Every structure is written in structure tokens, then in C-alpha cells.
Amino acid sequence: MNGIRLVYLNGQFLPPETARVSVFDRGFVFGDGVYEVIPVFGGRLFRLPQHLARLDASLREIRLANPLNPAQWGEVFARLVREQGGGDLSIYLQITRGVAPRDHAFPPNVAPTVFAYAQPLKYPSAEQLAQGVAAVTCSDIRWLRCDIKAIALLANALLRQEAIDQGAAEAILLRDGCVTEGAASNIFVVKHGRLVTPPKGPYILPGVTRDLVLELARAHGVACAEETVHEEALFGADEVWLTSSTREVLPVTRLNNKPVGSGRPGPMHARMLALYLAYKQSFREGAVD
Ligand code: PDD
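Note that residues are indexed from 1 along each chain, following the sequence as it is written. Under the rules for a predicted model, residues below a pLDDT of 70 receive no local features and side-chain atom pairs below 80 are neither given nor counted, while totals for whole chains, interfaces and linings still include all residues. The basis for the side-chain values is all heavy atoms of the structure; hydrogens and waters are excluded.

**Student:** Whenever I open this one, the site of the ligand confuses me. Can you help?
**Tutor:** Of all residues adjacent to the ligand, which total 20 residues, the nearest are Y35, R54, E181, T209 and S245. Contacts described as polar in this section are N or O atom pairs within 3.5 Å, which, within protein, must combine one atom able to donate a hydrogen with one able to accept it, while residues neighboring in sequence count only if both atoms come from side chains. A distance of 2.6 Å is found between an oxygen atom of the ligand and a side-chain nitrogen or oxygen belonging to Y35. V208 has a polar backbone atom sitting 2.8 Å from an oxygen atom of the ligand. Its free accessible area being 480 Å², the ligand has 89% of it covered by the protein chains. The method works on a 1 Å grid over the protein atoms by themselves. A cavity is a set of points holding a 1.4 Å probe that cannot get out, a pocket is an open set with protein on both sides within 12 Å along at least five of seven lines, and residues with an atom within 4 Å of a point line them. Each molecule is checked against the cavity or pocket grid, and it sits inside if more than half of its atoms lie within 2 Å of the grid points. A majority-of-atoms criterion places the ligand in the largest pocket. The helix count covers DSSP runs of H or I at least four residues long, the strand count covers runs of E at least two residues long, and both are numbered beginning at the N terminus. Every element with two or more residues in the shell around the ligand is listed here: β3 (33-41), β9 (178-182), α6 (208-219) and β13 (239-244). Domain segmentation is taken from an automatic or database assignment of domains. Here the shell around the ligand spans two domains, since at least three of its residues come from each of domain 1 (7-120) and domain 2 (126-284). Think of it this way: one heavy atom of a residue within 4 Å of a molecule or strand is enough to make that residue near it. In this description, accessible areas are obtained by the Shrake-Rupley approach with a 1.4 Å probe, and a residue is regarded as covered only by the protein chains that are shown.

So, in C-alpha cells, the structure goes:
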């Protein structure tokens, strides 16, 4: 199971082959749940408070109480990381509304299903970082609450597959002529040395990597803004990047089969990636939280 040694399920640590969830789980039947993906560098959970805050926000929006407090989550993560041998991992966790007879209305007094595991982190390849990746634009066919990290990802899966079918690594989504985000990433564009990413709101997931890139840009005097990105600005950008916990800061060098800017990863990407990697290194060494 992709090198996963142990999973956490409802208070137990189990080999993945033996972990079982009911077919009446509302996650299975309705996609009624939320999730998080948290990167682990050198055995330490990166930006954990931010991921737990976003989890709380997702749970609040779907009206589900967090089944574990931060200390309990910390114990679960520590055991999963230890069992995987530490190093660079990604933690996946999901919480669903639990097991109940199929009825759209919330079931009363049902315990949520809580599931988590850690797996080896798959970085973008050296080639992807050196050459950049291709992306295609797609109409954002998702719902109006993309700020909730919901497990119901059918639209995102269709969109990512559409990109792959066109030989691209990501779909960049457009709603009413404006960029929202990627199928599983946030989007930055660069024009004349200034970074721009769409503002937070109901149409995008508030990415933890996105926020870190903005934080690092501001701390190092790199011009940046959270502003609406019209499709013309996307197509006319000098550079386009996508960010996520697993893809980090990845340059998009082809968009709809045309080169982005020079067609090579740009100087602003080199600068931001260097700042990101330096921050990650200090995190590994325990110099930053
Ligand atoms: N996805 N937008 C969407 C729709 C996402 O699914 C993700 C991440 C992001 C980036 O968020 P962050 O920087 O916090 O990872 C933005 C994860 C990695 C996934 O679904 O696997």
C-alpha cells in the first residue's frame, strides 16, 4: 500500500490491509467529510498550526466537532511518523460524519470516522523543477464552497484527469474569466517582477503553501499582491507557478500548449524557490517553527 506501514482509524493503529470502514459511512455514501494533507520534513510536521486551523475551519463549515484536540492529533501524528521511520513524509487525515442509514439529513449522535496515515513524500522530479510543467485552463466546474477542504473531490479529479489527458500536469481553473486555483494547487502569476495570487474567498482553498510564499515574499521585500487574476493576465504573465504542500513551488512553463514567458522557469521562481527551500532547511534544523 504505497509504503504505508500503519494507519490510524478511530482510536486504533492498524496495518493498512486490516483497517475497515463501513459501507454506510457517510464519507463513502455522500462524500460527507473533510481532509488535510500535512508535509513532514525531517520528521517534523511543517506548518502544523496552520493546517490544524484550516481543519477546524473546514469542520466548522460542515458543522462537525473536531474529534481530537491538538495534543491528541499530535500524538497520532507522532506515532504515524515514527512508524514510517521519520524523514520526509506527507500525512493524510480525513474525518467523516460517521456511519448511519442513508439519509441526507445529519444523523443524531453518531461518532465521526477518523482516519490518518503517513506516507513517503513524493517531490516534484528534478526535471519538473528544471523545465517546469505544462498546464491547461479548464472551466471551474466545482461548487461555491471551495474554501472547505472537502473529501468530495469528483470535480477536482475530473479536472486533473482532463489536464493529464492533454499531456499537462495541472488544470488551471477559470470562473467568470478569472483564475481561481489549480485542481489541487494554488496559482501565482508574475508580471514585471510582481507576484500576484487570487484573494481568499469561497472559490479557492486557502493554501498553506500559498500563505507561506506570500509571507516569505513580504519578509524579503518581493512585491506581491492578493488580487483578482483575469485570464488575460494569466495568458500574458511572465511566469506562472503552482503551489501545494506536495508540489511546493512549481513553475508552469507551458500553458495550453504555448510557452509561458520565455518558456523556461523564470528568475522570480528561482528567487522564491530559494527562499522557500532555505525556510524549509531552517525548519528541519529546528531554527523556525
Ligand atoms: N491539495 N487548492 C486545492 C484545491 C488543493 O487541493 C490544494 C492542496 C491546494 C494547496 O494547498 P496547500 O498548500 O495547503 O497544500 C490548493 C492537497 C495537497 C491534496 O489534495 O493532495
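Still more to cover.
**Student:** Would you mind showing me how to read the environment of R264 here?
**Tutor:** Here R264 lies in the loop between β15 (258-259) and α8 (267-284). With relative accessibility at 46%, the residue R264 sits in the partly exposed group. Whether two residues are in contact is decided by their heavy atoms, any of which lying within 4.5 Å being enough. Discounting residues that sit within four places of it in the chain, R264 has contacts with A130, Q131 and T253. To sort residues, take the accessible area from a 1.4 Å probe on protein chains only and compare it with the maximum for the residue type: under 20% means buried, over 50% means exposed, and anything in between is partly exposed.

**Student:** Explain the domain arrangement of the protein chain here, please?
**Tutor:** Interface size is often expressed as the accessible area that is lost when the parts come together. Domain parsing of the protein chain yields domain 1 (7-120) and domain 2 (126-284). If you average the C-alpha positions of domain 1 and of domain 2, the two centres end up 26 Å apart. Counting residues at the interface gives 25 residues for domain 1 and 21 residues for domain 2. Buried area: the sum, over both parts, of the accessible surface (1.4 Å probe) that disappears when the two are put together. Each partner contributes to the roughly 2000 Å² buried at the junction of domain 1 and domain 2, and carbon and sulfur atoms together form 63% of this total. The rule for a salt bridge is simple: a side-chain nitrogen of Lys or Arg has to be within 4 Å of a carboxyl oxygen of Asp or Glu. Connecting domain 1 to domain 2 are 3 salt bridges. Among the ionic pairs, R284 bridges to D88, the shortest N-O distance being 2.8 Å. When residues of the side of domain 1 that touches domain 2 are traced back to their parent elements, those giving at least two are β3, β4 (44-45), α2 (48-61) and β5 (89-96). For the side of domain 1 that touches domain 2, the element with the highest residue contribution is β3, accounting for 7 residues.

**Student:** Which parts of the structure should I look at to understand the layout of surface pockets?
**Tutor:** To find leftover empty space, a probe the size of one water molecule is rolled over the atoms. Grid points are joined across faces, edges and corners, and a volume is the space filled by probe spheres set on the points. Volume-wise, the largest pocket comes out at about 1300 Å³. In terms of lining, the largest pocket is formed by 47 residues, of which the most central are Y35, V37, K149, A184 and T246. Ranked by residues supplied to the lining of the largest pocket, first place goes to helix α5 (residues 154-165) with 5 residues. Polarity classes work like this: nonpolar for Ala, Val, Leu, Ile, Met, Phe, Trp, Tyr, Cys and Pro, charged for Asp, Glu, Lys and Arg, and polar for all others, with Gly in that last group. A per-class count over the lining of the largest pocket returns 24 nonpolar, 14 polar and 9 charged. When residues of the lining of the largest pocket are assigned to domains, at least three fall in each of domain 1 (7-120) and domain 2 (126-284).

**Student:** Is there a simple way to think about the nonpolar core in this case?
**Tutor:** It is characteristic of soluble globular proteins that their nonpolar side chains tend to be buried jointly. Counting 25 residues, the largest nonpolar core has L55, W73, F77, I91, L93 and I95 as the members making the most contacts within it. Mapped by element, the contributors of at least two residues to this core are β3, α2, α3 (70-83), β5 and β6 (113-120). With 5 residues, the single largest contributor to this core is α3. Discounting chain neighbours no more than four positions away, the residues touching I91 are E36, V37, I38, V40, L45, F77, V81, Y117 and A118. Side-chain atoms within 4.5 Å link the members of a nonpolar core, which is a set of buried Ala, Val, Leu, Ile, Met, Phe, Trp, Tyr and Cys residues. Within the second largest apolar cluster, 22 residues are counted, among which are L121, F188, L273 and Y276.

**Student:** What am I meant to see in the packing of α2 against α3 here?
**Tutor:** Each pair of packed helices can be described by the angle between their axes along with the distance between the axes. Interhelical geometry of α2 versus α3 gives an angle of 120° and a closest axis separation of 12 Å. By the angle class used here, α2 and α3 are oblique. The way α2 lies across α3 gives a crossing that is right-handed. Contact residues: L48, L52 and L55 in α2; P70, W73 and F77 in α3. Fitting a line to C-alpha atoms yields each axis, with helices limited to the stretch in contact; the angle taken between N-to-C directions then spans 0 to 180 degrees. Oblique is the label for every angle not falling under 35 degrees (roughly parallel), over 145 degrees (roughly antiparallel), or within 65 to 115 degrees (roughly perpendicular). With the far helix as reference, a near helix turned anticlockwise by less than a right angle produces a left-handed crossing, and one turned clockwise produces a right-handed crossing.

**Student:** What should I look at first to understand α5 in this one?
**Tutor:** Count 3.6 residues to each turn of an α-helix, and residues three or four apart come out pointing the same way. By this rule, a helix spans an expected 1.5 Å times one less than how many residues it contains. The terminal C-alpha atoms of α5 lie 16 Å apart, and with 12 residues this matches the ideal 16 Å at 1.5 Å per residue to within 8%. Among the residues of α5, A155, N156, L159 and A163 are the ones counted as buried. One side of α5 holds all its buried residues, which, seen down the axis, span an arc of 100°. Along α5, exposed side chains directed more than 90 degrees from the buried face belong to L154, L158 and D165. Packing partners of the buried residues in α5 comprise β7 (133-139) and β8 (170-175). Backbone geometry just after α5 places G167 at a positive phi near 75°. Picture the helix axis, draw a direction to every C-beta atom, and the arc is the one those directions span.

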